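Chains, contacts and geometry: an overview
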Amino acid sequence: MIKYCFYIIMVALLLVGCFDDSRDSIVFEKLEVSQDEAVPEFTLLSKEEMDNTTMRYTEVEIAEVGEEAARLYVADSFSGLNDHFSSGLVDVIDNEGNKYRAIYIGEYYEENFGAENKYEKEVLELYRSRKKAKEDDMPYIEFKEID
């Protein structure tokens, strides 16, 4: 019995070693950051889930400074998001008070005619502008510095 447990553990470790990273590489590519970089430490300031099929909003403060650190946090945050939500919005405040916003529209996003709060409305507005421009490569991620 112990022998079989040992074999199962060895196979599990072997399988884990076969996969470089479980995060979505496409998200890192779209945000132009490397999966090899360490994700900055952060403090969660706010988190709101609209429902399990629509959207997640997150606001964080990261311990590092600059756009690249913010992009890295966002990439890690959005990685795997499409498994649970069709869209997401993240506000990142760096260690010097610079603010960044990222919006994620996943491949399963459907136009939300009942958008109620400002975050849902911002995602819907971006979705409609992309639809009007006939841009349909999903997932789509917009990253910008905000005031």
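Just above, that's the structure.
What you see as residue numbers is a count from 1 along each chain, following the sequence as written. A pLDDT threshold of at least 70 governs which residues receive local features in this predicted model, and a stricter bar of 80 or more applies before side-chain atom pairs are shown or counted, although totals over entire chains, interfaces and linings include all residues. Processing note: side-chain calculations cover all non-hydrogen atoms of the structure and skip hydrogens and water entirely.

1. Some remarks on the overall build of the protein chain
Quick note on the threshold: Elements are defined by DSSP. Helices are runs of H or I of four residues or more, strands are runs of E of two residues or more, and each kind is numbered from the N terminus. Remark: exposure states derive from per-residue accessible area (1.4 Å probe, protein chains only) relative to the maximum for the residue type, with buried under 20%, exposed over 50%, and partly exposed in between. In what follows, residue pairs with any heavy atoms lying within 4.5 Å of each other are defined as contacts. Surface accessibility in these figures is a Shrake-Rupley result with a 1.4 Å probe; residues are shielded only by whichever protein chains are displayed.
Regarding its fold elements, the protein chain presents 4 helices and 5 strands. Going residue by residue from the N terminus, the α and β elements of the protein chain occur as α-α-β-β-α-β-β-α-β. The 147 residues of the protein chain split such that 40% are buried. For the protein chain, long-range pairs separated by at least 24 residues make up 57% of all intrachain contacts whose partners lie at least 6 apart in sequence. As presented, the protein chain carries roughly 9,400 Å² of accessible surface, and 49% of it is formed by carbon and sulfur atoms.

2. Here we look at the pattern of salt bridges
Applicable threshold: Any Lys or Arg side-chain nitrogen found within 4 Å of a carboxyl oxygen on Asp or Glu counts as a salt bridge.
Applying the stated criterion across every chain yields a total of 10 salt bridges. Note that Glu135 is salt-bridged to Arg130, the shortest N-O span being 2.6 Å. Several salt bridges share partner residues, and in doing so they unite Asp91, Arg101, Glu122, Glu142 and Lys144 into one network.

3. Looking at the nonpolar core
In globular proteins that are soluble, nonpolar side chains generally tend to be buried together. Our working rule: Residue types Ala, Val, Leu, Ile, Met, Phe, Trp, Tyr and Cys, when buried and joined through side-chain atoms within 4.5 Å, form a set referred to as a nonpolar core.
Counting residues in hydrophobic clusters, the biggest one holds 22 residues, and the most contacted among them are Leu31, Val74, Phe78 and Val92. Secondary-structure elements contributing two or more residues to this core are helix H2 (25-30), strand S2 (55-62), helix H3 (67-78), strand S3 (87-93), strand S4 (99-105) and strand S5 (140-146). The element best represented in this core is H3, accounting for 7 residues. Met50, Tyr109, Tyr119 and Tyr140 belong to the second largest nonpolar core, which has 14 residues in total.

4. Focus: the sheet that holds S5
For clarity, the threshold we go by: A pair of strands is considered paired only if DSSP assigns at least 2 bridges between the two. Helix axes use the C-alpha atoms of the stretch in contact, all axes being lines fitted to C-alpha atoms, and the angles between their N-to-C directions lie in the range 0 to 180 degrees.
Within the open sheet, the 5 strands sit side by side as S1-S2-S3-S4-S5. Their pairing is mixed. Each having just a single partner strand, strand S1 (42-49) and S5 make up the two edges of the open sheet. In this sheet, neighbouring strand axes are inclined to one another by 15° on average, regardless of whether the strands run parallel or antiparallel. Both S4 and S5 contribute to a ladder of 7 bridges, which runs antiparallel. Bridge pairing in S5 places Ile103 opposite Glu142. Most of the contacts of H3 go to S3, to which it runs at about 150°, and overall it touches S1, S2, S3, S4 and S5. Running over the sheet, helix H4 (residues 118-132) touches S1, S2, S3, S4 and S5 and is turned about 60° from S4.

5. A few points about H4
Short version of the rule: Helices are assigned an expected span. That span is 1.5 Å times one less than the residue count. Any pair of nitrogen or oxygen atoms within 3.5 Å is treated as a polar contact; in protein, a donor-acceptor pairing is required on top of that, and neighbouring residues in sequence qualify only through side-chain atoms on both sides.
Its 15 residues place the ends of H4 21 Å apart at the C-alpha level, agreeing with the 21 Å of an ideal helix rising 1.5 Å per residue. Buried residues belonging to H4 abut S1, S2, S3, S4 and S5. Between the side-chain oxygen of the N-cap and the backbone nitrogen of Tyr119 there are 2.9 Å, and the N-cap of H4 in question is Asn117. Lys134 sits one or two residues past H4 and shows a positive phi near 60°.

6. Section: the packing of aromatic side chains
Heads up, the condition is: To pair, rings of Phe, Tyr and Trp, with the six-membered ring standing in for Trp, must have centres within 6.5 Å; the planes then decide the type, stacked if under 30 degrees apart, edge-to-face if over 60, and tilted in the middle.
Taken as a whole and assessed by the stated rule, the structure comprises 5 aromatic pairs. Ring plane angle 20° and centroid distance 5.7 Å describe the contact between Tyr100 and Phe143, whose orientation is recorded as stacked. Remark: Phe143 occurs in strand S5 and Tyr100 occurs in strand S4; sequence separation between them is 43 residues. Judged by relative accessible area, which is 14%, Phe143 ranks as buried.

Don't take any of this as a statement about function, it's just geometry.
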